[in-house]
Amino acid sequence: MTNNTKLRWGILGAARINQQLMPAIVEAENSELVAIASRRPGAATETLAKYAPQQKDVKIYDNPESLLADDAIQVVYIPLANNEHAQWVLRAIEQGKHVLCEKPMALTVADIEAIEKAAKKYNVTVMEGFMYRFHPQHARVKEIIDSGLIGEVRSVRSCFSYLMQPARQYRIADSIENGSGAMWDIGCYAIHAARLPFYDETPVAISAMAKHIESGADISCNGIIDFGDGKYAHFDFGFEHARRAEYEIIGTKGGLKCHNVWAKQAETPVISWWTEAGQQDEEILPLANHFRLEVEHFSDCIINDTQPALSLEDARINCKIILAALESVKKGQQIKL
Ligand SMILES: NC(=O)c1ccc[n+]([C@@H]2O[C@H](COP(=O)([O-])OP(=O)(O)OC[C@H]3O[C@@H](n4cnc5c(N)ncnc54)[C@H](OP(=O)(O)O)[C@@H]3O)[C@@H](O)[C@H]2O)c1
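Note that the coordinates shown come from a computational prediction; the quantities given were computed from them, not determined experimentally.

Of the regular secondary structure elements, the chain holds nine helices and 15 strands. Over its C-alpha trace the chain gives a radius of gyration of 20 Å, about what one expects of a compact globule, namely 20 Å for 337 residues. Its C-alpha atoms put the chain at 60 × 45 × 40 Å along the principal axes. The buried share among the 337 residues of the chain stands at 55%. Long-range contacts, defined here as pairs at least 24 residues apart, represent 69% of the contacts in the chain between residues at least 6 apart.

The environment of the ligand is made up of 20 residues, and the closest members are R16, S38, R40, N82 and Y170. A distance of 3.4 Å separates an oxygen atom of the ligand from a polar backbone atom of L80. Between the ligand and E102, the relevant distance is 3.2 Å, taken from a nitrogen atom to a side-chain nitrogen or oxygen of the residue. Burial of the ligand by the protein amounts to 79% of the accessible area it has alone, namely 890 Å². Per-class residue counts for the shell around the ligand are 10 nonpolar, four polar and six charged.

Moving on: the pattern of salt bridges. Tallied over the entire structure, the rule returns 22 salt bridges. Here E29 ties to R292 by a salt bridge, and the two come within 3.8 Å at their closest N and O atoms. Taken together, the residues span a long stretch of sequence, with E29 in the loop between α1 (18–27) and β2 (31–37) and R292 in helix α8 (residues 290–304) at a distance of 263 residues. What makes E29 exposed here is its relative accessible area of 51%. Here D185 makes a salt bridge to K103, at a shortest N to O gap of 3.6 Å. Here K103 lies in the loop between β5 (98–102) and α5 (109–122) and D185 lies in helix α7 (residues 182–194), a separation of 82 residues in the sequence. Both residues of the pair, D185 and K103, count as buried.

Turning our attention to the pairing of strand β6 (residues 126–129). Across four bridges, the pairing between β5 and β6 is parallel. Following the sheet pairing, C101 is matched in β6 by E128. Between the parallel elements β5 and β6, the chain passes through α5 in a crossover that is right-handed.

Strands sit in the order β14-β13-β12-β11-β7-β10-β9-β8-β15 across an open sheet of nine strands; the sheet is mixed. Among the strands making up the open sheet, the edge pair consists of β14 (280–284) and β15 (335–336). Sheet topology note: the strand β12 (residues 254–258)/strand β13 (residues 270–275) ladder contains five bridges and is antiparallel. Pairing of G255 across the sheet is with W274, part of β13.

Here the focus is α8. Taking 1.5 Å per residue, 15 residues should reach 21 Å; α8 reaches 20 Å between its end C-alpha atoms and fits that length. Turning to α8, its buried residues are H290, F291, E294, V295, E296, F298, S299, D300, C301 and I302. Next to the buried residues of α8 lie β1 (7–12), α1, β2, β4 (75–78), β5 and β6. Here α8 starts with a cap whose side-chain oxygen sits 3.0 Å from the backbone nitrogen of F291, and that cap is N289. A positive backbone phi angle near 55 degrees is found at D305, which sits one or two residues after α8.

Cut-offs and rules
- Residues numbered from 1 in each chain as written.
- Predicted model: local features only at pLDDT ≥ 70, side-chain atom pairs only at ≥ 80, totals over all residues.
- Heavy atoms only, no water.
- Helix = DSSP H or I, 4+ residues; strand = E, 2+ residues; numbered from the N terminus.
- Rg over C-alpha atoms; globule rule 2.2 N^0.38 Å.
- Buried < 20%, exposed > 50% of the residue type's maximum accessible area, 1.4 Å probe, protein only.
- Contact = heavy atoms within 4.5 Å.
- Near = heavy atom within 4 Å.
- Polar contact = N/O pair within 3.5 Å; in protein donor to acceptor, adjacent residues only side chain to side chain.
- Areas by Shrake-Rupley, 256 points an atom, 1.4 Å probe, with all protein chains shown as cover.
- Nonpolar A, V, L, I, M, F, W, Y, C, P; charged D, E, K, R; others polar.
- Salt bridge = Lys/Arg side-chain N within 4 Å of Asp/Glu carboxyl O.
- Pairing = 2+ DSSP bridges.
- Right-handed = clockwise from strand over helix to strand, strands pointing away.
- Expected span 1.5 Å × (residues − 1).

Printed below as a string of structure tokens:
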């Protein structure tokens, strides 16, 4: 951060995830929370009282349009339901706001392309909220790979699962087309993390299989992304398994494992690695709050006019892979990209 500028943030929805993001915006050195909107009477006030009780002058709006019309607001955080993201990102951009949108940014590639176009036209910064990437443990992973310790990366395995509790059933109560189900909720993370060491590579094909429930939502899925030349990324996620959030990267000379990919503020980040030459280590990294780091990074990019770590191109590629995986499940065959 280069100066004492604090960007003024507004939140577009009284969602449960505000439990994490609201304190993150309040605590971020370069950001301040100035408004929150909810279409449900009393919900915004209740959310504010619950997650940021010490914040006094936060404006409450009873609809998202009024918040977007507030000229004092510079950045908008969108935690709405998945099938509402794209339309509200576009409306926020058209009001000249910078936008941090929860994952997944959109349910179609065409929507992300429209967002890219609008962001350019209105000269604003837009980023998909894959908060986990702002935890320093992933920078350490990149450092290990770049050092050549494990050789050339050949394959990845990423897993994200937990046993879904009744209070979270609303996330699988609708069809995949409406943004419900495991793929849009947690699969997008597993795919994003599986792409980590292949960030600059273009995927060539996808194969996936999944289990569905009555609502039409998927509840678990396994798949492989083919990056060509024998480079594969396996992803595995579901709501019917014990809790796991990990990835393993195997190279020509060794491998590494990130044991807690979605490490929360109080959870110890651990990376272990080994080499064919017999070296091995388990690194315990400092605790970090990736939500706060995400908010600070985003405000920083706007203040200093730099590109965010997660580009809209990244959002487009992730969406393309998700849709190809869904198509592969539906058709029972590999999908070429
Ligand atoms: N980054 C992360 O770690 C993380 C974790 C969880 C979820 N997410 C993402 O964050 C977004 C929000 O997820 P969430 O689980 O927090 O969603 P949620 O609580 O269902 O909220 C989504 C929106 O639905 C409305 N809403 C909330 N509770 C409602 C209720 N009881 N009845 C009717 N409408 C209600 C709210 O809009 P109004 O206030 O305008 O009514 C809210 O903004 C999703 O895109 C999800 O993928 C991210």
